[in-house]
Each structure stands twice: as structure tokens, then as C-alpha cells.
Amino acid sequence: MRHNFRYNFQQLSRRQQLAAMLAVLVFLAAALYFYFGNARNTEKKVRHGNPLVKVEQVTRRDMMRHIVLSGQTVADANVALAPKYTGRVAEVCVNLGDEVKAGQVLMVQDTGDLDISINQNAAAARAAAADAREAAVTYDANYIKAKNAYELEKGKYERNRYLFSIGAISQNTLDSIEQEYMASKAAFEVLANQVEGGDAASVQSKQYTAEKQRYATDALRRQREDMLLRAPRDGVIGYRNVEAGAIVTAGTKVLSLVDNSHLNVDCALSESDAAILKPGMEVKVTIDALGADYAGRIVYVSPAMDESAKTYQVRIELDTASDEIKAGLFAHTAVDILQRRDTLFVPKGAVLSRNGRQTLFVLRDDGTVEEREVKIGLMNDETEEILDGLADGDVVVVSNQDKLQTGIKVDVDNNVEG
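Described in the following lines is the structure provided in the data block. Starting afresh in each chain, residues are numbered from 1 along the sequence in its written order. Under the rules for a predicted model, residues below a pLDDT of 70 receive no local features and side-chain atom pairs below 80 are neither given nor counted, while totals for whole chains, interfaces and linings still include all residues. Only hydrogens and water are removed before side-chain values are computed, so all heavy atoms of the structure are retained for them.

With that settled, consider the nonpolar core. In these notes, a set of buried Ala, Val, Leu, Ile, Met, Phe, Trp, Tyr and Cys residues joined through side-chain atoms within 4.5 Å is what counts as a nonpolar core. When accessible area is computed with a 1.4 Å probe and restricted to protein chains, residues below 20% of their type maximum are described as buried, those above 50% as exposed, and intermediate ones as partly exposed. Leu69, Leu277, Ile316 and Leu318 are the most contacted members of the largest nonpolar core, which has 25 residues in total. By definition, any uninterrupted DSSP run of H or I lasting at least four residues is a helix, any uninterrupted run of E lasting at least two residues is a strand, and each is numbered from the N terminus. Looking at which element gives the most residues to this core, the answer is strand β12 (residues 255-269), with five residues. Those residues in contact with leucine 69, other than ones at most four positions away along the chain, are Cys267, Leu269, Leu277, Ile316, Ala331, His332, Thr333 and Val335. Leu81, Leu106, Val248 and Val254 belong to the second largest nonpolar core, which has 15 residues in total. Contact criterion: two residues are considered in contact whenever any of their non-hydrogen atoms come within 4.5 Å of each other.

Next up, the structure:
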């Protein structure tokens, strides 16, 4: 085989032989580079057996929390419009995309039968009012007549009682006159005792009947007004599913009104972040689809967790009147919030949890490390506050802690990834 290889190599042209030799030399050079490079890296990491670690000096600073918010733009209002009563549609006054004003008529239902009922009830109300007026006049006339008869019989009775006292008339005559007096008095008191609040009961009954008819007529007029579906606010028609002549059912959505005059961004937030966000915070919102940033302000942080999603809702109000922004666009922002002023904190990677204790390694002046138990305070995505166990200026180890224990000497290389 060796003879065949030599024979084949000799059969190659001079140029081909040079190319083959060059390829072999390149391969050997690459192999030597990787071999010696790995040897140097190994030597760098070991450095006479001392673990190579990355460290960070702890100083008192303001501890910040970086909160990322993302969500979708939502219109200030998206109102589903439905008829209040079942009926036939006489006219649809708008199309998709039409801009409308508050109070504008959007759809009209057939009111023919209702108009007849209104006229009937209005006539009945007028008749009842006339009956009330007649009852009042009749009562007044009867009252005056009964009062005059009572006063007349009273005077007659008092005169005859005097005559009886002097023996001018008999007891039977006085008794007959007294009966007439008592009858007139009873008739008058029947009318007089009906009066309460200025009107007699018989008159009030007629007045209440007339009032009832007026209320019934007003209710029908209001029902007729409700047969005209009006815009509850300014906006744009975003949904239309109705045509003239169709029978619509009460409560069935036929139109929708979208108000984009004020746009918001609704975001979901975790429990820890929701606890420190407050309404009134100013933010800058990025809408990727438009490639633009917009000023905004947090206006709402939900006071309770959504049990289904296990998140809190945050609403950001955008301070813009741009017509480019539509509902449903993805938007995001970030907020940097001060968690604690002038405190000590370390990267999360520096803290170890061992047997229910939180510890970290501190680099001594002599190059050895010491494991210390610490008390943790506030936390965020990157750092943890140290309430006890560290002093300002201490140097903590942030990498390669699995090879450390108290008293071990280490080599520091801040170029090594933690």
C-alpha cells in the first residue's frame, strides 16, 4: 500500500504535488495551534492550582429596579350597541368606518304601532284630566250647598231650642228640627272630611287617574325614543351587522362604536413589580409597528390579582392624538424605580443558598476567601440587597464559588465570565 501511495503521488503533476504538501502543512499548523492554545488556557485557569474567580467591590449606592412592561394598545372605549326592544329595522344610518358624534342617530326601528299607542294613551290622559276637573267643580258645588244647608239648619235649631226653653214649642217639634239639623251636619262633614292637602278624596282619585295616564304616555314616548339607536359618544363605527327590514332582537349587538381619541396600553405585571408601580409615573412607550415612541403615564394599577392569569393589570395612557395608532398594536416600555437609597447590594450570582442559609464569599487582603452568612433584603432581577453581613468596601466573589471554602487562596481575573 505504501508503494502504491508513493507511486500515485509521483504520478501527480508538480503543481498538484505542491498543493497537496501545502494542505498537509496547514493541517499540522492548525493542530499545533489548538493543542498549545488549549494548554495555555488550561494553565491560565489553573494557575498553580488556585481557583480563578471574578470579584466585585461592594459600595453603597441607590438600588434600582428595572421593570419591563409590554402589552397592546386599547381604545378608550369600544362600545357594543344593541336595540333595547325587539322590532323591525326601518333604517340604518351609518356604514363601517363612519365617524359619528354623540347623540347621532345610527339606526331607526319601525315605530308605527307605537305611535298609535301613544296617541291613544294621550287621549285617555286628556279625558282623565277632564274628569278630574269635572269632579273638582262638582265637589265644590256640593260642598257650598251642604255648608249653606248646615248653617241654615244650625240657626233654625238654635232658635227653636230657645223657643222650647220658654215653652213656645213642644218637645216633638224640637226633636224633628234637631233631626234635620243633624242630617245637614252629617252631609256637610262627609264632604268636609274628604279634604286632605287641599283637594277632596274624590277629586284626588280622578287626578291620580289622569296622572297615571300621563305617565303611561310618557313611558311610550320614551320607548319610541329608544327605538332610535343613538351614538353614546364620539367615535368610529367598527362593527355593523344589521340591514333595513330585518327583525332585531332586544340586546343583540348590531353595531359597535370605537373611540380612539384616547388610547391606552394594557400590560400584565407580576406581583413583585405591581407592588412598587404607582399611578402617575411618566413613561415612554414604543410601538414597534409604527417605529415610534410616545409619551405616556401610568393611570391604573389593579388592586387585586387576576385569579385566572395570576397577574396584575397596569394601564398606561398615551399622551397623543395621532390617528396612526390603532387598537391592538403591540407596545412596550421600561421603568427604572428606586427601591432603596444608599444601600449595599450584590449580583444575584454572588449569593448562595445552603441549608436554609444565605452566604457569600468575601475576598480578604491576603488573597484568601471567607464564607459569610448574610441577611437578604430587597431583590430585583439582577441584584439582592444585603442588610447584614457585609460592609462598605468589601470585595465579594461572583463566580466559581463551587470550588471555594473559607481559607482557600484564589486568583482574581475580572475578564472571566461569571
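In this approach the atoms are scanned with a rolling probe the size of a water molecule, which exposes any empty space left behind. Here a cavity means grid points, on a 1 Å grid over the protein atoms only, where a 1.4 Å probe fits yet cannot get out; a pocket means an open set of points with protein on both sides within 12 Å along at least five of seven lines; lining residues are those with an atom within 4 Å of a point. Grid points are joined across faces, edges and corners, and a volume is the space filled by probe spheres set on the points. Here the largest pocket defines a volume of roughly 460 Å³. Lining the largest pocket are 18 residues, with Glu99, Val236, Asn260, Ser261 and Asp323 sitting closest to its centre. Secondary structure elements with two or more residues in the lining of the largest pocket: β5 (99-100), β10 (235-240) and β12. At six residues, β12 tops the list of elements feeding residues into the lining of the largest pocket. Only Asp, Glu, Lys and Arg are considered charged in this grouping, and only Ala, Val, Leu, Ile, Met, Phe, Trp, Tyr, Cys and Pro are considered nonpolar; every other residue, Gly among them, is considered polar. Across the lining of the largest pocket, the residue classes break down as six nonpolar, six polar and six charged.

The next subject is unusual backbone geometry. Not every positive phi belongs to a glycine, and lysine 310 is a case in point at roughly 60 degrees. We note that asparagine 400 has phi near 65 degrees; this positive angle belongs to a residue other than glycine. Mapping asparagine 400 onto the fold places it in the loop between β23 (395-397) and β24 (411-412). Overall, the relative accessible area of 25% leaves asparagine 400 in the partly exposed class.

Okay, the environment of aspartate 306 next. Looking at where aspartate 306 falls in the secondary structure, it is placed in the loop between β14 (292-301) and β15 (312-318). C-alpha separation for the pair aspartate 306 and alanine 268, spaced 38 residues apart in sequence, amounts to 9.6 Å.

In this section: helix α3 (residues 112-165). One fewer than the residue count of a helix, multiplied by 1.5 Å, yields its expected span. With 54 residues, α3 extends 79 Å from end C-alpha to end C-alpha; this agrees with the ideal 80 Å at 1.5 Å per step. Looking one or two residues beyond α3, the residue adopting positive phi is glycine 167, at roughly 85 degrees.

What follows deals with a nonpolar patch on the surface. On the surface, Tyr162, Leu163 and Ile166 cluster together into a nonpolar patch covering about 300 Å² of accessible area. Here tyrosine 162 shows up in helix α3. Surface patches are drawn from residues lacking salt bridges whose relative accessible area is over 30%; two like charges belong together within 9 Å, two nonpolar side chains (Val, Leu, Ile, Met, Phe, Trp, Tyr) within 5 Å. Per-residue accessibility takes into account occlusion by the displayed protein chains alone, with areas from the Shrake-Rupley method and a 1.4 Å probe. Salt bridges are counted wherever a side-chain nitrogen of Lys or Arg sits within 4 Å of a carboxyl oxygen of Asp or Glu.

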